[in-house]
Amino acid sequence: MKTFKPEMTLDKAVSHLQQIEGEAVLNVTPIEMGELSKVFSYRKGDADYVIHFKDNGDSLHKVNKIYSMYGDQSLPIPRIHKIGSVGNIHYSISDKVPGTPISALEPAQIRGLVPDIVQQFMRILQTLQTPIGESHEGFGWITPEGKAAHRSWLDHLTSVFDAEQEGFYHGWQSLYEHSFLEKAFFEEIYQTMIELVRYSPSERYLVHGDFHLGNMLGENENVTGIVDWEMAMFGDFMMDVSVIHMWYPMLGFPKRLQEAMEQQGEKIPYFEERLLCYQLFRALDGLRFYAKKDDQGSYQFMKNHITSLLKG
């Protein structure tokens, strides 16, 4: 099975940190997080920090931009202190917020946090309900400049699976020939997903892009941090609802959100159609990713999940 994380041992991380910080650092500890970065926590002086190491620095600058735009709007985004590079590796340093990754908590503790997860999600929804300036343009992935390139949400969704890609998915359609990615199945589900996009709203929202319990920290009954905004975009907030529901259906998050919105006198149009649409979208991306990673077990899990979704 392949890995896409940079090569980074604990000793190498300590060496880089000493070079970056210019002084001794303590308690350097690996954190299992994400598929494309190596992450460590450490202590300097009387404060704790987290450092992300990546082969490419664009997404780190993007997260820094998102913090500068939304970190002061009651969203629990950890403060970023420094971005740079050491040798051929890129890094960002942020506060280590209190709490534990919610995915690592006991089921009873997770259930106790669900009400605040719903409230934090609704705060994210409200960030673009105020007048937006020139720095917020378009749909799709947010750039390090705080903009998005596509004129419509549909344009963004289709672009994700264009044959011509740059970066990580360059030449991805060769996976049809050189991996277990099944072209007929993939294209059939893609067409079903595209048919459902017509139910999406024309309004834009801030979308985290990878909204699951592994990217949230909690303490007692409060969410203390929402991290890993590297996939953030402007688009339909139901994308985030689909992610957390796909990985943690036992939480009943979609129903909890509906109830909370209705208490505020708001109804979410075409809720079921949009929820299915983005579950298929993320599952398709999962098929492609696991094929590239040569992870046949996860590929089959995702394929079975798609089949169960369509059976209803």
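The structure presented is a predicted model; accordingly, all values stated were derived computationally and were not measured.

**Student:** Which parts of the structure should I look at to understand the sheet that holds strand β7 (residues 140–141)?
**Tutor:** Pairing between the strands of a sheet is mediated by backbone hydrogen bonds and can be parallel or antiparallel. The strand order β7-β11-β8 describes an open sheet built from three strands, whose pairing is antiparallel. A single partner strand is all that each edge strand has here, and the edge strands are β7 and β8 (205–207). With two bridges joining them, β7 and strand β11 (residues 233–235) adopt antiparallel strand pairing. Paired with tryptophan 141 across the bridge in β11 is methionine 233.

**Student:** What exactly am I supposed to notice about the nonpolar core here?
**Tutor:** Formed by 81 residues in total, the largest nonpolar core has its most connected members in Ile117 and Leu257. Setting aside residues up to four positions removed in sequence, leucine 257 forms contacts with Val118, Phe121, Met122, Phe237, Val241 and Ile268. Core analysis: the second largest hydrophobic core is formed by 15 residues, Ile20, Val28, Tyr42 and Ile93 among them.

**Student:** Help me understand the packing of helix α6 (residues 183–196) against helix α9 (residues 271–293), please; the structure alone is not making it clear to me.
**Tutor:** Relative orientation and spacing of two packed helices are given, respectively, by the angle between their axes and the distance between those axes. It is the contact of α6 with α9, at a shortest axis distance of 9 Å, that shows an interaxial angle of 150°. Taken together, the axes of α6 and α9 lie roughly antiparallel to each other. Seen from above, α6 lies across α9 with left-handed handedness. Across the interface between the two elements, Phe185, Phe186, Ile189, Tyr190, Thr192, Met193 and Leu196 from α6 touch Glu273, Leu276, Cys277, Leu280, Phe281, Leu284, Leu287 and Arg288 from α9.

Thresholds, definitions, all that
- Residues numbered from 1 in each chain as written.
- Predicted model: local features only at pLDDT ≥ 70, side-chain atom pairs only at ≥ 80, totals over all residues.
- Heavy atoms only, no water.
- Pairing = 2+ DSSP bridges.
- Helix = DSSP H or I, 4+ residues; strand = E, 2+ residues; numbered from the N terminus.
- Core = buried A, V, L, I, M, F, W, Y, C linked by side-chain atoms within 4.5 Å.
- Buried < 20%, exposed > 50% of the residue type's maximum accessible area, 1.4 Å probe, protein only.
- Contact = heavy atoms within 4.5 Å.
- Axes fitted to C-alpha atoms, helices over the stretch in contact; angles between N-to-C directions.
- Parallel < 35°, antiparallel > 145°, perpendicular 65-115°, else oblique.
- Left-handed = near helix turned anticlockwise from the far one by under 90°.

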